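Coordinate inspection notes
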Amino acid sequence: MSQSAPYALPFHHHGKSKVRVGRVWREGNVHHMVEWNVNTMIDSDMEHAFIKGENTGMTATDTQKNTVYVVAQRMSQRCTVEQFAIALAQHFVRTYPLVSKAKIYVEQKPWARVQQGGLPHDHGYALQGTEVRTVYVTYDKAGKLDVTAGIKELSVLKTTQSGYEGFLRDQYTLLPEVNDRIMASTVTSTWKYTSQPPCYDAAFNAARGALLEGFLGPAKGGIYSPSVQFTLYDMAKILLDRVPQAESVFLNMPNLHFLPCAPVGSTFKNDVYVATSEPHGNIEAVVTRRTAAPHVSKL
Ligand SMILES: O=c1[nH]c(=O)c2[nH]c(=O)[nH]c2[nH]1
């Protein structure tokens with residue numbers, strides 16, 4: 001760094017946000033489509049741009065955006081969002097000498113093939129739910145690859161098998177203790193892989209299934225939740241059981257309150273609720289294997 005620079009620049013990176021790409025793989029009449037929202041970020045030796053106003057050697061964010069489409073086209077075989085993010089990160093590090101690390105975050109929109117008369121449609125998709133599949137990949141010059149997969153805003157609700165009792169009471173506490181309430185959340189989770197699973201899609205589906213099972217329990221009867229906290233830990237536990245390549249699970253769980261309602265002229269009869277989204281509780285934790293380093297990530 002320049003001797004004449006009056007202040008240090010301990011951190012900088014630059015990238016392009018929200019690059020939206022659709023990718024279709026046409027296998028005869030059967031087409032496969034994904035939609036990705038890509039965020040690129042690169043660490044590079046570009047102090048001179050900040051301090052001296054010299055852009056020599058800089059990989060412009062416009063170039064990064066263009067590269068998203070180039071690498072999407074290069075993925076000639078159907079691929080997972082993780083494989084795409086890895087290819088993109090490796091491209092930046094391997095192509096540009098001044099780039100020391102690429103950090104790629106991608107959200108996949110929940111397009112799902114429509115079933116028509118019991119048959120999968122050749123080329124027709126519908127949006128499934130609101131949850132988004134995510135991946136955050138980093139790759140550096142030393143060849144260190146980190147893959148953190150996730151799901152954003154998986155909306156879940158159960159009408160019973162949830163309560164909240166035994167908490168501290170003082171002059172500020174109004175909340176009654178209950179052993180039967182509605183529990184609802186939009187779960188955001190990320191899990192970091194120590195090694196590559198045999199199939200990223202299968203690992204994602206297993207993780208999603210684990211989160212749902214931890215929240216809801218078995219189809220018949222469900223499972224009792226004494227708090228969002230306990231359920232969160234259970235969800236992460238099942239995920240770590242089912243996905244052996246995952247080492248650390250981050251979970252963010254808003255507690256979306258359904259408030260018992262007494263309609264005018266009546267009382268609460270376990271049937272009518274005021275549905276709310278704000279204010280909401282917010283419970284967050286990281287659960288890891290004993291030997292693993294935690295990753296804290298809202299991505
Ligand atoms: O499961 C819950 N955890 C809390 O921490 C909390 N706080 C609260 O008011 N209700 C709940 N419910």
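Residues numbered from 1 in each chain as written. Predicted model: local features only at pLDDT ≥ 70, side-chain atom pairs only at ≥ 80, totals over all residues. Heavy atoms only, no water.

**What to know about the site of the ligand**
Put simply, the test is: The near set for a molecule or strand comprises every residue that places at least one heavy atom within 4 Å of it. Here a polar contact means two N or O atoms within 3.5 Å. Within protein one must be a hydrogen donor candidate and the other an acceptor candidate, and residues neighboring in sequence count only if both atoms are side-chain atoms. For accessible areas, the Shrake-Rupley method is used with a probe of radius 1.4 Å. Any residue's cover is judged against the shown protein chains and nothing else. Of the grid points, spaced at 1 Å and generated over the protein atoms alone, those admitting a 1.4 Å probe that cannot get out make up cavities, while open sets with protein on both sides within 12 Å along at least five of seven lines make up pockets; any residue with an atom within 4 Å of a point is treated as lining. A cavity or pocket is said to hold a molecule if more than half of that molecule's atoms lie within 2 Å of its grid points. In this count, Pro and Cys sit with the nonpolar residues alongside Ala, Val, Leu, Ile, Met, Phe, Trp and Tyr, while Asp, Glu, Lys and Arg are called charged and the others, Gly among them, polar.
Every residue lining the ligand is accounted for by Tyr-164, Leu-175, Arg-181, Ser-227, Val-228, Gln-229 and Asn-255. In this structure, Val-228 approaches the ligand through a main-chain N or O atom, which is 2.8 Å from an oxygen atom. In this structure, Asn-255 approaches the ligand through a side-chain N or O atom, which is 3.3 Å from a nitrogen atom. Its free accessible area being 290 Å², the ligand has 73% of it covered by the protein chains. According to the grid-proximity analysis, the pocket containing the ligand is the second largest pocket. Within the shell around the ligand, the residues separate by chemical class into three nonpolar, three polar and one charged.

**Section: the side chain of Gln-64**
Formally: Numbering of helices and strands runs from the N terminus; a helix is a DSSP stretch of H or I covering at least four residues, while a strand is a stretch of E covering at least two. When a residue's accessible area, from a 1.4 Å probe over protein chains only, is under 20% of the maximum for its type it is buried; when over 50% it is exposed; and in between it is partly exposed.
Inspection of the secondary structure puts Gln-64 in helix H2 (residues 61-74). By relative accessible area, which is 0% here, Gln-64 ends up buried. A polar contact is formed between the side chain of Gln-64 and the backbone oxygen of His-14, at a distance of 3.4 Å.

**Describing the domain arrangement of the chain**
This is how the line gets drawn: As annotated, the domain borders come from an automatic or database domain assignment. Contacts between residues were defined by any pair of non-hydrogen atoms, one from each residue, lying within 4.5 Å. Accessible area, probed at 1.4 Å, shrinks when two parts are joined; the buried area is that loss added up over both. We define a salt bridge as a side-chain nitrogen of Lys or Arg found within 4 Å of a carboxyl oxygen belonging to Asp or Glu.
Partitioning the chain into domains gives domain 1 (10-143) and domain 2 (150-299). When each unit is reduced to the centre of its C-alpha atoms, the spacing between domain 1 and domain 2 is 30 Å. Domain 1 puts 12 residues into the contact, and the matching count from domain 2 is 11 residues. Summed over both partners, the interface of domain 1 with domain 2 comes to about 1100 Å²; 53% of that surface belongs to carbon and sulfur atoms. When the buried area of domain 1 at its contact with domain 2 is split by residue, Glu-131, Arg-133 and Thr-134 rank highest and sum to 44% of it. One can count three salt bridges joining domain 1 with domain 2.

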